[in-house]
Amino acid sequence: MHVMETARTLDLPDWLVFSGAIYQPVLNHLTGRPADHGIKDYDLAYFDPDTSYEAEDAVIRKVAQAFEPPFREMVEVRNQARVHLWFEAKFGEPYGPPLVSSADALSRFASPLNAVAARLEADGAMTLLAPFGLEDLFSMTYRANPNRKVSGFARTAAAAQRRWPELTVIPQE
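Residues numbered from 1 in each chain as written. Predicted model: local features only at pLDDT ≥ 70, side-chain atom pairs only at ≥ 80, totals over all residues. Heavy atoms only, no water.

Q: Give me the lowdown on the packing of aromatic side chains, citing residues and values where you can.
A: Here the structure, examined in full by the defined rule, presents 8 aromatic pairs. Between the aromatic rings of Phe67 and Phe71, the centroid separation amounts to 6.4 Å while the plane-to-plane angle is 35 degrees, which identifies the pairing as tilted. Judged by centre distance (6.3 Å) and plane angle (40 degrees), the rings of Trp86 and Phe87 are tilted. Taking the relative accessible area as the measure of exposure, Trp86 reaches 25% and is therefore partly exposed. In this structure Phe87 comes out as buried when scored by relative accessible area, which is 11%. Through pairs of rings, three or more aromatic residues link up here, namely Trp86, Phe87, Phe91 and Tyr95. (Phe/Tyr/Trp six-rings, centres within 6.5 Å; stacked < 30°, edge-to-face > 60°. Buried < 20%, exposed > 50% of the residue type's maximum accessible area, 1.4 Å probe, protein only.)

Q: Before we move on, can you summarise the nonpolar core with the specific residues and values?
A: Core analysis: the largest hydrophobic core is formed by 35 residues, its most contacted members being Leu12, Trp15, Leu44 and Val63. Counting only elements with at least two residues in this core, the list comes to α1 (2–10), α2 (20–31), β2 (42–46), α3 (53–66), β3 (75–79), β4 (117–120) and α7 (153–163). When sequence neighbours within four positions are dropped, the list of residues in contact with Val63 reads Leu10, Leu12, Leu44, Val75 and Val77. Phe47, Ala105, Phe109 and Ala115 belong to the second largest nonpolar core, which has 14 residues in total. (Core = buried A, V, L, I, M, F, W, Y, C linked by side-chain atoms within 4.5 Å. Helix = DSSP H or I, 4+ residues; strand = E, 2+ residues; numbered from the N terminus. Contact = heavy atoms within 4.5 Å.)

Encoded structure:
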């Protein structure tokens, strides 16, 4: 909640907290682990049509100033409009066409279990996005994204299963 409350004050365009910051606490709750078990970072996404490195760097610095340690080092903010520019070089596989929103990124995650995001609205309401639904998360089923073959699926599944051995992993075909 601290990350979402702070992100809300930053007024970033089309922002979401997603991935491990959302699904990992759920897995921890389901398995009786401490809420922060396995969390390495908090992914804060936003969408700005300005895809320049300089614009994203300014936001990264703004976000860093908004948090005290240890959150300053743990909140990783990225402009989703830029992902297609660097993804292949970093992960060795094509990403596809540019995203059209932060929520659009969820459709490309490795597993439906990972594809969950939230935003704390100005009125205190919580917006939850899960384009594949929440069944895989609550049943602790790690399966491949049905719409996108991910070359690193076996690696990400194994890493998740090391932290939560209770996960059922369905291998990618």
